[in-house]
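# Observations on the model geometry
Chain by chain, the residues:
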Amino acid sequence: MHSVHSIPGGIHPPENKTQSLGKAIAPLPLPARLVLPMGQHIGAPAKPLVAVGDRVLKGQPIADAAGFVSAPIHAPTSGTVTAIDDQPVPHPSGMKARCISIEPDGKEEWIVHQGVGDYTALDKAELLELIRSAGIVGMGGAGFPSAVKLATDKPIESLIINGTECEPYITADDMLMRERAADIIAGARILGHLIKPGETLIGIEDNKPEAIAIMRQAAEGSGIEIVTFPTKYPSGGEKQLIQIVTGKEVPSGGLPADIGIVMQNVGTTAAIYRAVVHGEPLISRITTVTGDAVAVRGNFEVLLGTPIQHLLEHCEFDAGAASRLIMGGPMMGFALENTGIPIVKTSNCILAPSRQELPGEVPAQACIRCAMCAQACPVSLLPQQLYWFARGKEIEKLEAHQLFDCIECGCCSYVCPSNIPLVQYYRAAKANINKHKQDNQRSEIAKARFEARQQRLDREQAAKDAKRKARAEKAKRAKAAGGDAKADVVQAAIARSAAKKASQDPAQAAIERAKSARSGGQPATTPEQKIAKLEQRLATAIEKRELAKGSGSDKLDAFEASVTTLEAKLATARSELPAQTVTTPKAKVPDSDPAQAAIERAMAKRAGGAPSESPEQKLAKMEKRLATTRKKLAQAQAEGSEHVEILQQSVQKMEQKLEQAQRQLAENT
Amino acid sequence: MAFLRVTSPHAHTVQDTASVMRLVLYATIPGIIALTWFFGFGTLVNIVWAGFIALVCEAAILKLRGLPVGFYLKDYSALVTATLLAIALPPYAPWWVVLVGVAFAIIIVKHLYGGMGHNPFNPAMAAYVVLLISFPVQMTSWAAPLHTLVEHPLPPGPLEAISINFGLLRDGVDAITMATPLDILKQNKSLMMEDLWLANPQFGLVGGRGWEWANLAFLAGGVFLLARRVFTWHAPVAFLLTLALMAGFGYDSGSSQSGGSPLFHLFTGATMFGAFFIVTDPVTSAVSNRGRLVYGAMIGLLVYIIRAWGNYPDAVAFAVLLGNFAAPFIDYYTQPRTYGHG
Ligand code: SF4
Ligand code: SF4
């Protein structure tokens, strides 16, 4: 038996799970329209691959991942693309975003697809590519692209499959474990093959005895262990579950992989199995519909993009009786304003509670500092103090009290006898601080840019002055030479050349400039290095942010902020890049001087500068070259020319190169 | 169709501040019964009178501050303050002492410092200290539970208590008050503990006569609140343990210089009342569990020091105020370790 550890705090809200556990997972009739948001995951929204009017097949990719942290989207059924526009998407702010709408034709016609018979024959990159191209993202609520999480090259001690499902009301994972245990185990084995963990554990709260028994049976002989632990909210938070099953804590601001842990939700794991073994992309998910305002409660296999309205109609929703409509659970879910919003990859529950179940807002009373919130906090914060500081906008104290480690689980608000919406204060405070920081950073960037410009202008002025002085001296000397009757012409020439050397030798000047830059006048790194570094940092930041989202939005805002600032920085660095390459030595050097050009090149090399074009530019160039070569090849083939073979070879070579570059780019960004 | 847009969490416990305060009030009942049994109806009269003043003061101040009177009166916090102060006061303190005390607690200590939840000092204890300094005679006249010995008349009944407290029978006070066990102990210079016990009827089995039962009753109320999770065990247990430990050091097996046994200290004066109804006041104590351990221990230490060497016989009020004062510093040094921070 695997030992389990306890976590501080936590609460025991009424579970309300039995309502939706009565029936098997049921399919849903096809809706009249599917609306697929491009951003169903954390990271860059996908890029549409289809146009309005296109006919698409079930499982056909309709949008492609836009970058490393992104995920493609597939048509959930066959039909016609009717619109690509902005629609309301599931988001706490009720915002609109780019969506592809599909009108199903009812034929459910699959695209040709096939799984991999023996995935153990695939190497890591191939397997990851399968998972990536199937559009699989964390389905427990986070939506972080699974392939990114799994691409870690850190040694992994524990692979943890999260079947905790600690939020009240939600039973999607419970039913999945009961009905598709074999899929989950098979998925876990694929993951095991992929990341080679020391142990694979499946964590389940002890309020799901049926699921535990079935999973235990399914896991028999697989070496995968089912770990059960007492029910307590929020045991299913990524950080909390890690603490429960391993006793370790993810360092603040770090990733689980930093301590040798990778976690995936059971739904995600099953989806990975279907993607690898059956070649099916992620086009549907299990969603719980529950609450007293629906007459039919249960779990449904819902096509992504299904409007909630369709789901609710099927479940005989009584809009008049509902106190609100929640996507997710009562602790961390967000309220929806209308029913037109679609089910996405992360929608695990639609909760339609009656007024008796979840009454409207109760006015908050004064904080009596009873510390019930602190007793309930699973990350050992002092919510009452945070509340105090948040009201006083005391940013330093908020940070000293680790506001950004708050996972927004809602335990504190739940227990607060004064009904204070504590989490709301924290969200606002986090957003505020991030904005503050961003503003600061922005003004700092502006300041740095201004100073750099000032320095450049000063330098240019100084150079001009020096030139003028040299010229004046030269004139004076020439005059003196001219005045002296015995003036030696040769002497004058020497003087001239010396003056020229002193004032104008560009190589000398360039080297001096470089020296002064290196000795602290300017940042020691080249702009290219800076950009590379920034890119790297951005990638980490995005990953962290996504993982933060995955683990229940802990620190999300902080990461979000750092991503935006990094993006801003990167943009400025890039925009500065061409300017800088122009202003550095080249600008003041006569182009005709070949020696100078050589020095310049050498210097650029010395400074470690990469070619000034970005990898994307390079890629584009390569693609263009490839296209031209292909065209030539076609022509040669048509003409029966003898160059065909050579051209073919070069096309092949180019393709290889291109692929390599693409891979590199994906890794870098 | 637009639905209510609210942020998570959507669920909430049924417990509210008013119910917490009500629990505290219920938990004082055993102690009040014990006090009434041994010292007569004076305390009850004071509680009713204090409660009335508290509600009037609270309502007036809320009105002045432009806050919704009904909404805030319903949190019962004024009644709790009044009840706790009335329990701490001598049962036959004159009506104006109660009036001054409650008004001071509500208007100055509570509202002038920002109202509910903002006050750095425990209102009941701050008012108690002010009264003790201003009216030492009235504040040190405690009734004695002599009726539990043979031949003594019963303590004042309801009507008698009212007439005493409201000044009609003021002369009667002297007849029913005596030095408290803590006073006696303080004044003792020559007698061994055992002899002191025999010489003074105020001493009971282990603590003061009657006092020990009242302490036991407050302990029961405290255990009830602990069971209902109104507060955690940290502050009261640290307080009681430290006090007992200090008393153990100072006991020296009962010489005339002895400071009284641990049991004597635990079951005399305001010890249990202080431990479960004052030290546990969330507003004015340290906030974290560790902080509350330190806070409780500090008050326990101070209570013993003041009882043993200070000028005032009972010390809970002073010690608590000092503890209140130190609470922010304690908080600063006892911030819990957050998840993910080494
Ligand atoms: S639970 Fe509410 S009233 Fe109690 S200390 Fe926390 S914020 Fe204040
Ligand atoms: S929401 Fe934040 S402060 Fe409140 S209990 Fe959860 S982690 Fe702690």
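Rules used throughout
- Residues numbered from 1 in each chain as written.
- Chains lettered and ligands numbered in written order.
- Predicted model: local features only at pLDDT ≥ 70, side-chain atom pairs only at ≥ 80, totals over all residues.
- Heavy atoms only, no water.
- Helix = DSSP H or I, 4+ residues; strand = E, 2+ residues; numbered from the N terminus.
- Buried < 20%, exposed > 50% of the residue type's maximum accessible area, 1.4 Å probe, protein only.
- Patch = residues over 30% accessible without salt bridge, like charges linked within 9 Å, V, L, I, M, F, W, Y side chains within 5 Å.
- Areas by Shrake-Rupley, 256 points an atom, 1.4 Å probe, with all protein chains shown as cover.
- Salt bridge = Lys/Arg side-chain N within 4 Å of Asp/Glu carboxyl O.
- Lys, Arg positive; Asp, Glu negative; His and termini not counted.
- Charge placed at Lys NZ, Arg CZ, Asp CG, Glu CD.
- Phe/Tyr/Trp six-rings, centres within 6.5 Å; stacked < 30°, edge-to-face > 60°.
- Pairing = 2+ DSSP bridges.
- Right-handed = clockwise from strand over helix to strand, strands pointing away.
- Domains from an automatic or database assignment.
- Contact = heavy atoms within 4.5 Å.
- Buried area = accessible area lost by both parts, 1.4 Å probe.
- Polar contact = N/O pair within 3.5 Å; in protein donor to acceptor, adjacent residues only side chain to side chain.
- Near = heavy atom within 4 Å.
- Nonpolar A, V, L, I, M, F, W, Y, C, P; charged D, E, K, R; others polar.
- Axes fitted to C-alpha atoms, helices over the stretch in contact; angles between N-to-C directions.
- Parallel < 35°, antiparallel > 145°, perpendicular 65-115°, else oblique.
- Left-handed = near helix turned anticlockwise from the far one by under 90°.
- Expected span 1.5 Å × (residues − 1).
- pLDDT = per-residue confidence, 0-100.

Glancing now at unusual backbone geometry. The residue after Y233 of chain A, namely P234 of chain A, is reached through a cis peptide bond having omega 0°. Mapped onto the fold, P234 of chain A is located in the loop between β11 (225–229) and α6 (238–246). For K196 of chain A, which is not glycine, the phi dihedral falls at a positive 45°. With respect to the secondary-structure elements, K196 of chain A resides in the loop between α4 (181–195) and β10 (199–205). Of the residues examined, K196 of chain A reaches a relative accessible area of 54% and is grouped as exposed. A positive phi angle, close to 60°, is found at R229 of chain B, a residue other than glycine.

Once that is clear, we can look at a positive patch on the surface. Residues K464, K467, R471 and K474 of chain A make up a contiguous surface patch of positive charge. Along the chain, the position of K464 of chain A falls in helix α13 (residues 422–483).

Our focus in this paragraph is the packing of aromatic side chains. Applying the stated criterion across every chain yields a total of 12 aromatic pairs over all chains. Both rings, one in Y387 of chain A and one in Y425 of chain A, keep their centres 5.1 Å apart while their planes meet at 80°; by these two values the pair is edge-to-face. Of this pair, Y387 of chain A sits in helix α10 (residues 383–392) while Y425 of chain A sits in helix α13; the two residues are 38 residues apart in sequence, bridging distant segments of the chain. Residue class for Y425 of chain A comes out partly exposed when judged on its relative accessible area of 29%. Plain terms: the ring middles of W96 of chain B and F135 of chain B are 5.1 Å apart, the flat faces sit at 85° to each other, and that makes the pair edge-to-face.

Turning next to the pattern of salt bridges. Residues and elements named next belong to chain A. Enumeration according to the criterion identifies 27 salt bridges over all chains in this entry. R274 is paired through a salt bridge with D183; the nearest N and O atoms lie 3.5 Å apart. Taken together, the residues R274 in helix α7 (residues 266–278) and D183 in helix α4 connect sequence positions 91 residues apart. Taking the relative accessible area as the measure of exposure, R274 reaches 30% and is therefore partly exposed.

What follows is about the pairing of β10 of chain A. Residue and element names in this part refer to chain A. Taken across its seven residues, β10 has six buried, putting it largely inside the fold. Strand direction decides the pairing type here: β10 and β11, joined by five bridges, are parallel. Note on β11: the bridge partner recorded for I202 is I226. Running through helix α5 (residues 209–219), the crossover from β10 to the neighbouring parallel element β11 is right-handed.

Below, the discussion takes up the domain arrangement of chain B. Residue and element names in this part refer to chain B. Taken domain by domain, chain B holds domain 1 (16–177) and domain 2 (179–334). Counting from both sides, the interface comprises 32 residues of domain 1 and, opposite them, 27 residues of domain 2. When the two sides are added together, the surface that domain 1 and domain 2 hide from each other amounts to roughly 2700 Å², 83% of it contributed by carbon and sulfur. If you look at where domain 1 meets domain 2, you find zero salt bridges. Between the two partners, domain 1 and domain 2, sit two residue pairs in polar contact (both at pLDDT 80 or more). Top contributing element to the side of domain 1 that touches domain 2 by residue count: helix α2 (residues 29–39), with seven residues.

On to the site of ligand 1, then. The local shell around ligand 1 consists of C367, I368, R369, C370, A371, C373, Q384, C416, P417, S418, I420 and L422 of chain A. Partitioning the shell around ligand 1 into residue classes produces nine nonpolar, two polar and one charged.

This part covers the packing of helix α6 (residues 95–111) of chain B against helix α7 (residues 123–134) of chain B. Residues and elements named next belong to chain B. Between α6 and α7, whose axes approach to 9 Å, the crossing angle comes to 130°. In terms of their interaxial angle, α6 and α7 are classed as oblique. Crossing hand, α6 versus α7: right-handed. Mapping the contact onto sequence places V97, V100, G101, F104, A105 and V109 in α6 and P123, A124, A126, A127, V130 and L131 in α7. Across the contact of α6 with α7, the residue classes break down as 11 nonpolar, one polar and no charged.

All names here are of chain A. Spanning 15 residues, α4 covers 21 Å between terminal C-alpha atoms, matching the ideal 21 Å at 1.5 Å per step. Along α4, 11 of the 15 residues are buried, which leaves the element largely enclosed by surrounding structure. Restricting attention to buried positions, one finds in α4 the residues A181, D183, I184, I185, G187, A188, I190, L191, G192, L194 and I195. Of the residues one or two after α4, K196 is the one with positive phi, at around 45°.

Residue and element names in this part refer to chain A. With respect to spatial proximity, 14 residues lie near ligand 2, and among them C377, C406, C409, G410 and C412 are the closest. Only α12 (411–415) and α13 provide two or more residues apiece to the shell around ligand 2. Partitioning the shell around ligand 2 into residue classes produces 12 nonpolar, one polar and one charged.

Residues and elements named next belong to chain B. A surface patch of nonpolar side chains, amounting to about 450 Å² of accessible area, comprises W95, L99, L159, I162 and F166. Looking at the nonpolar patch, the elements with two or more residues in it are α6 and α9 (158–165). By the secondary structure assignment, L99 is in helix α6.

So, about the interface of chain A and chain B. The partner chain B presents 41 residues to the 64 residues of chain A that form the contact. Of the roughly 4500 Å² buried between chain A and chain B on both sides combined, carbon and sulfur atoms contribute 56%. Inspection of the region where chain A meets chain B yields one salt bridge. A salt bridge links E249 of chain A to R337 of chain B, with the shortest nitrogen-to-oxygen separation between them at 2.6 Å. At the boundary of chain A with chain B, the tally comes to 26 residue pairs in polar contact (both at pLDDT 80 or more). For the side of chain A that touches chain B, the secondary structure elements donating two or more residues are α6, β16 (334–335), α9 (372–376), α10, α12 and α13 of chain A. The class makeup of the residues in the side of chain A that touches chain B is 34 nonpolar, 21 polar and nine charged.

The next thing to look at is the confidence of the model for chain B. This prediction gives chain B a mean pLDDT of 84; 82% of its residues lie at or above 70. With a pTM of 0.73, the predicted complex shows an ipTM of 0.82.

This paragraph deals with the sheet that holds strand β7 (residues 79–88) of chain A. All names here are of chain A. Read from one edge of the open sheet, four strands run β2-β8-β7-β4, paired in antiparallel fashion. This sheet does not close on itself; its edge strands, each paired only once, are β2 (34–37) and β4 (55–56). Relative to strand β8 (residues 96–104), β2 runs antiparallel, the two sharing four bridges. Bridge assignment links V35 to a residue of β8, and that residue is S101.

Here we come to α2 of chain B. Residue pairs three or four apart in sequence face the same way in an α-helix, which turns once every 3.6 residues. Residues and elements named next belong to chain B. For α2, the complete set of buried residues consists of G31, I32, A34, L35, T36, F38 and F39. Contacts from the buried residues of α2 go to α3 (42–64), α5 (77–88), β1 (142–143) and α13 (211–227). Positive phi shows up at G40, right after α2, with a value of about 90°.

Another aspect to go through is the sheet that holds strand β1 (residues 26–27) of chain A. All names here are of chain A. Spatially, β1-β14-β13-β17-β15-β16 is the arrangement adopted by the six strands of the open sheet, whose pairing is mixed. For this open sheet the edge positions go to β1 and β16, each flanked by a neighbour on one side alone. When strand β15 (residues 326–327) meets strand β17 (residues 349–351), the two strands line up antiparallel, connected through two bridges. Residue pairing in the sheet places M327 in a bridge with I350 of β17.

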